[in-house]
Amino acid sequence: MKKKRSAICGSRSGSISRRSLLRQGTLGIGSLALASLLQRDVNAADSASRQRIIHHPPRAKSVIFLHMTGGPSQMDTLDPKPALEKWDGQPLPEELTRGQKFAFITPQARAIKSPYKFAPQGKSGVVMSELFPHLAKVADELTVIRSMRTNEINHGSGELFMHTGHGRMGRPTFGAWTIYGLGTENENLPAYVVLKDGAPIAGPSVWSSGFLSSRYQGVEFRRGKNPIFFLENPKQVSHEERGDIVSAVNRLNDQAFQRYHDPEIATRIAQYELAYRMQTAVPELVDLASEPRHILELYGLAGAGGNVQGGDFNRHCLLARRLVEQGVRFVQVFAKGWDHHSDIYKGLPRSCRKVDRGCAALIQDLKQRGLLDETLVIWGGEFGRTPMVQENNAGTGAKTPPGRDHHKECFSIWLAGGGIKRGFTYGTTDDFGFAVVDDEVHVHDFHATCLHLLGINHLRLTHRHQGRDFRLTDVHGRVVHDLFT
Amino acid sequence: MAWGGLSLAEYFHTGTVGVVAPMNLNCNSPVATTGWVFWLFAVAFFVGAREVSAQPESLSYNRDIRPILSGKCFKCHGPDAGAREADLRFDRREDAIDFAAIVPGEPDESSLIERVTSSDPDLRMPPEGEPLSLKEIGKLAAWIRDGAKYERHWSYIKPALPVLPQVRNESWPANEIDFFILARIEAKGRSRKTSGASGGDARILAALATATLEPSPRAEPAVLLRRLHLDLIGLPPSVAEVEAFEADPSVKNYEAQVDRLLHSKHFGEKWATYWLDLARYADSNGYQHDDLRNIWPYRDWVIRALNDDMPFDQFTVEQLAGDLLPDPSTEQLVATGFHRNVPTNFSGGAKVPEVRANVIHDRVSTTGTAWLGMTLGCAQCHDHKFDPVTQREYYQLYAFFNQAAPEVAMKGEKMFKKVFTGREIPVYASDADRRRADEIRRLLVHEEQQLEDTKAIARADQANWERQFIRSKRGATIPWEQFPYNLRNGDRYLAQDPTKRTPDAKNRIDTLLLYDHSATGPHVKRLYRLRQELKRVAPLTMVMQNAEQPPTSHIFIRGDYTSLGEPVEPGAPAVLHDFDVSLPRNRLGLARWLVDPDNPLTSRVAVNRIWAEIFGRGLVATPEDFGLQGEPPTHPALLDWLAVDFVGQGWSVKRLIKTMVLSSMYQQTSRVSLHEGGRVSSRSRKTSGGDPKDLQHSIDGESPNSCPSGDEVDSENRLYWRGPRFRLSAELIRDHLLAVSGLLSHEVGGPPVYPRQPSGLWKEIVGATETRYPTSSGDDRYRRGIYTVWRRGNPYPSMITFDATGRSTCIVRRDRSNTPLQALTLLNDPVFVEMAAAFASVMESWNGGDRDKVTRAFRRTLARRPNENELEILLGVYRQRESWFAVAQVLLNLDEAINKP
């Protein structure tokens, strides 16, 4: 089992890393093993570099997926339902709700209207509620999909479904499949980075590589200047000493390579070099203070005296831009606090305020750098919320201010950049915001569509596991060409 | 391969046939279909005839034809009735003939050939994906010409004891395994001679033209002993053990080492890991909440069973059905934890019947994977697309497990809370513990009564107590982890007006009152202590139990548990051996059916997995799939020999492992070098493999010989011309480096431990009761990796970095990745830094000069002696940094340190 492997986290283009290493030679070591390995690769049309899977010309090179965990309410944000004014306080028609699964309410629960004003925005007239004043300014860049649909009504399984196309643990995520197919553009950084202001309920499973190699899993960037576990040297080891140690390790590994000629050893030499470089590169990358003042202001992060201050989500948006700018393929951002079972009219505006500015800034910033065209930005939750009210605490049964329960039959998301139409609204739902009427986009279709933008035919990005060729879209998935420019 | 690795296209380019024909079947060929077939047929015949002279094998359905049909045709023309197109199926000969898709002896008449060669894109098969290659079409045509003989899929035929093959170098084999291995290695050399190579390197080609591949020499003793230690117990040999073996590396002493290690109490710890991956053993429920569960006694049962060399058939029966054995012992009940390990969804809206269906689906597919190497899960929603398993047969297997008692139920009316309803039993480490547990239970009854009797006193005094409690500020000293709320909330409740408190707040204050009041407090505290002690002396573990009134099982239409189809009875798939009428139709019957000597799969699957543990890859490279889509075995006869021998010798796992490690093949050096071993040599080498009694090999000697290496002939070592070399598992990396550093605790078994991890990770588990990671102290920090707590939703990070899994599903093969995060972990994770510091103090404590110390430390890490370059590099580090810590870090980060040599 001696496959040639060489990857920085998700990278698949091993030979590039080895060659660039030779060129750069940070520590000037390991060259013998590497030279020898390169020799081997010359004839073999290098096993690693040919793994990049492009089925058609890609529109997007990278993805920023802003996941609002908990499930935003569609009829309070992107899918206005004036009919609910009339139905407010009454149960929905029985034929609509019969046999439907809900998490905490009954099908007889009463409808509740939205208190928010909706208006067309920009030249395109994309409609959104007053909860997104900043986002409204970039409405002409967005495609809103109102006809999303999923299979799951619980957070854990819903998040898993949104990221892996399957409601249980064990499958690779959209991000993992993406870098499995496309590799990375920057050998010095992980290809798939996760930023979160709180943990999603399914935990690390929503950035897991499932049955793919663990090199395709997302790498979490935590707060602080050393965002990756164990990036920082122990106190007693200086950067210089770390260099000496890594150099000695690699010179000895080079000796081992001469004994065994095992290409895995050459890969390990390269990985130690990369690890050493990441120790410098990553802290620089996450240091937002190096951004000019006007950019910090755009994201609402400009503090007094040149300091960076502000919410995690806005920081993550700026960091996401810096990451894709550096060639990171897939940036997954999680924003917590959208599970408004109770007191939604207090909670929802707060959640929207937290993300509105960051989202708008991210799109403006990507655009002004010419990056928006090649970056697919996705905003949405794992499901939507019911048009019906929830008034009791799920755990204790105590009476609570009104909220909305989980809902899988329809929900709204928006997309921008990466070949997506500008100022466009897709799909229609019924008068209540309960079910899709036209142009349904099931999560599988959403995945197929996003992969298509990345140049991947979702039917052909497969991995053999337990006797079956698995793919992100399972046995489903329709590419929604109507969404493309 | 009968076609010698040459496609027809390549063949033409060599000019051998002298015809230039259009190569692309996709283009609009001017050649009429019949012409195509004739042409193909002629070429196939020609090539075939030429090959036959070199390798007298005709086309085999299993080897040559079925992979094509299965890969390109079965999806729409196979076993799945629901997906079948045109009512045509190729998995059964008579159906394909009825349809005239195959006309034996007449490729021209067979519509199969017509359709795969059609120039009309609407007619050409398969309709999607790559068209068949010329080579594939040629094979099909030749096979039909020869009569289109079908064979049962190899793995469904019961293995028979094969005859040992002839070998030329009769001095090399140490046991039967070596005959099978060597025969293939020698044949590779011969076939090379005649068929040439497709590579471009003229030098290699020239050398290969007269080459024979030979096995590699035996590994040097130190390396061999380290390999053996890592394979058998997962811990390195001491320097003294290495020196003793170097002094006497004879066959006899080697076998003595094997026996010593097979009897080590650490054997079970090493060998349990792969089984626990299959059993998806973990210490938490998985999913949302992901609360901790108590099932570690099952893990210890596996370790014990392996240490005791429990026969694999018994090992099977007790895990699947120990509870159904007559008068089962506690041990036999603990064994049934195997199927209680299923992840269980406790999240808010998860419906109880849905949880049950998921749990049972998992049990079916895990059983299929672990024992049968069958991908049964594929038949959950429809008939299997490739293997002969119908959806009905899937639900017949489901019915065995559907007899089980419910796993979870709602906790009362509130739909939010669920509880386990499955059976739990206490396990005792000793009789003293059992007696103490009985005593504690008596004391508990007594204390509970005392508490009841004094509650009224405390409650009558509540107002007074509240004032005093607040004034005294002793709230800060309360062990809040015992309460469902913390100090801040406690203060908040107390600050509320007693008449305006919610029922919830009242309850919470009451628990605090009873804890703190002088009348009740002593009883509450004693009760707490007794219960804690009871958990320690009588830990509970989850075991299987059947329901008294099992529900009827149905087919789930499209796999949906809410769409019930026809009812089904428990039963086994028809493609395998019969389910004996004397067997009960329950899990016990199923388990006995699995280990029936007539079962063609169980023994093969078991030996293949053990082979993979030692050699890095199974003889069947897809250990999870022995079905039609799996890979065929590289050495089918060897696999069958091992399987038959395994059963014949009473299913002894230790004996099987011993046979594997005593082979000459296992003992080969794993060096992949140009100058040593695995040589493709054009002359006979006296020392190659040598006399097995000649055990001294010069390894470091440089040879000027520039023969191509075995690596160039077979870089993946599928022929086993060199020893196994691959990265250790996550657990073994930890174990090995702990042992080298001198920190390792050798204690076996017990509750999970909590080695240091980055702080705050468990706080991120949403909805969990236990969010504090109780970092272990003392020796428990240095226990082997197998004892590290396994929380599915948030597994120990450095283990995941080295490809351990979340244990959410049955895992047969772990990946062996190689990433910079691994480098950062070994360099900077405080756990590994602590190991380096400990190793450094060991070095400091040694007498002798720097050179001696470095040599000794090197041998302690890698067993072998350093060469002069290696010594100089390490001495250089010491001189440069003046620190043994730096030397220790270098050693613990070496590629060799985390690889089996």
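Here the residue numbering is sequential within each chain, running from 1 through the sequence in written order. All chains are assigned letters beginning with A, and all ligands numbers beginning with 1, in the order in which they are written. In keeping with the model being predicted, local features are shown solely for residues with a pLDDT of at least 70 and side-chain atom pairs are shown and tallied solely at 80 or more, while totals for entire chains, interfaces and linings include all residues.

### As for the overall build of chain A
Here's step 1: Within chain A, the regular secondary structure consists of 12 helices and 17 strands.
Here's step 2: We call two residues in contact when the distance between their C-beta atoms, placed using the backbone, is within 7 Å. Across chain A, contacts joining residues at least 24 apart in sequence account for 75% of those joining residues at least 6 apart. Every helix listed is a DSSP run of H or I at least four residues long, and every strand listed is a run of E at least two residues long, numbered separately from the N terminus.

### Digging into the overall build of chain B
Here's step 1: A tally of helices and strands in chain B yields 36 helices and 10 strands.
Here's step 2: Across the 901 residues that make up chain B, the buried fraction comes to 47%. Put plainly, a residue is buried at 20 or more neighbouring C-beta atoms within 10 Å of its own, exposed at 12 or fewer, and partly exposed in between, counting only other residues' C-beta atoms, which are placed from the backbone.

### A word on the confidence of the model for chain A
Here's step 1: Averaged over every residue, the pLDDT of chain A is 86; residues scoring 70 or more account for 88%.
Here's step 2: Here residues 1–51 of chain A scores under 50 on pLDDT; set against residues more than four positions off or in separate chains, the count is 112 contacts. On a scale of 0 to 100, pLDDT captures the predictor's confidence in every residue.

### Focus: the pairing of strand 8 (residues 375–380) of chain A
Residue and element names in this part refer to chain A.
Here's step 1: Among the 6 residues in strand 8, 6 count as buried, and that is most of the element.
Here's step 2: Residues Thr375, Val377 and Trp379 line one face of strand 8 and the alternating positions Leu376, Ile378 and Gly380 line the opposite face, and both faces are buried.
Here's step 3: Note on pairing: DSSP must find at least two bridges between two strands before they are called paired. Bridge count between strand 1 (residues 62–68) and strand 8: 6 bridges; the pairing is parallel. Across the sheet, Val63 pairs through a bridge with Leu376, a residue of strand 8.
Here's step 4: Note: strand 8 against strand 11 (residues 411–416), 3 bridges, orientation antiparallel. For Trp379, the partnering residue across the bridge sits in strand 11 and is Trp414.

### Concerning the interface of chain B and chain A
Here's step 1: Chain B puts 76 residues into the contact, and the matching count from chain A is 64 residues.
Here's step 2: If you list the elements that add at least two residues to the side of chain B that touches chain A, you get helix 17 (352–372), helix 31 (797–801), helix 32 (820–828), helix 33 (830–845), helix 35 (868–881) and helix 36 (884–892) of chain B.
Here's step 3: Tallying contributions element by element places helix 32 of chain B first for the side of chain B that touches chain A, with 8 residues.
Here's step 4: Three classes are used: nonpolar for Ala, Val, Leu, Ile, Met, Phe, Trp, Tyr, Cys and Pro, charged for Asp, Glu, Lys and Arg, and polar for all others, with Gly counted as polar. Broken down by class, the residue content of the side of chain B that touches chain A amounts to 26 nonpolar, 32 polar and 18 charged.

### Some thoughts on the pairing of strand 7 (residues 330–335) of chain A
Residues and elements named next belong to chain A.
Here's step 1: With 6 of 6 residues buried, strand 7 lies mostly within the body of the structure.
Here's step 2: Side chains Phe330, Gln332 and Phe334 of strand 7 all project onto a buried face; the interleaved residues Val331, Val333 and Ala335 project onto the opposite face, where all are buried too.
Here's step 3: Pairing analysis gives 5 bridges linking strand 5 (residues 192–196) to strand 7, with the strands arranged parallel. In the strand pairing of strand 7, Leu195 is matched with Val333.

### Regarding the nonpolar core
Soluble, globular proteins show a tendency: their nonpolar side chains are buried together.
Here's step 1: One finds Ala320 and Val331 of chain A together with Val887, Ala888, Val890 and Leu892 of chain B to be the most contacted residues of the largest nonpolar core, which totals 303 residues.
Here's step 2: The element that contributes the greatest number of residues to this core is helix 8 (residues 263–286) of chain A, accounting for 12 residues.
Here's step 3: If near-sequence neighbours (up to four positions away) are discounted, Ala320 of chain A is found in contact with Ile64, Leu195, Val331, Val333 and Leu362 of chain A.
Here's step 4: Defined on buried residues, the nonpolar core groups Ala, Val, Leu, Ile, Met, Phe, Trp, Tyr and Cys residues joined through C-beta atoms within 7 Å. Of all hydrophobic cores here, the second largest spans 23 residues; its members include Ile113, Leu134, Ile137 and Ala148 of chain B.

### Some points on the confidence of the model for chain B
Here's step 1: Summary statistics for chain B give a mean pLDDT of 85 and a share of 86% for residues scoring 70 or more.
Here's step 2: The ipTM, which scores confidence in the relative placement of chains, is 0.82 for this predicted complex, and the corresponding pTM is 0.81.

### Quick look at unusual backbone geometry
All names here are of chain B.
Here's step 1: In this structure, Pro126 follows Met125 across a cis peptide bond, with omega equal to -10 degrees.
Here's step 2: You can see Pro126 is positioned in the loop between helix 6 (111–117) and helix 7 (134–145).
Here's step 3: Phi at Arg280 takes a positive value of approximately 40 degrees, unusual for a residue other than glycine.
Here's step 4: Residue placement: Arg280 occurs in the loop between helix 13 (267–278) and helix 14 (296–307).
Here's step 5: The phi dihedral of Ala863 falls on the positive side, at around 70 degrees, and the residue is not glycine.
Here's step 6: By the element assignment, Ala863 lies in the loop between helix 34 (850–862) and helix 35.
Here's step 7: A residue is classified by how many C-beta atoms lie within 10 Å of it, and Ala863, with 28 of them, is buried.

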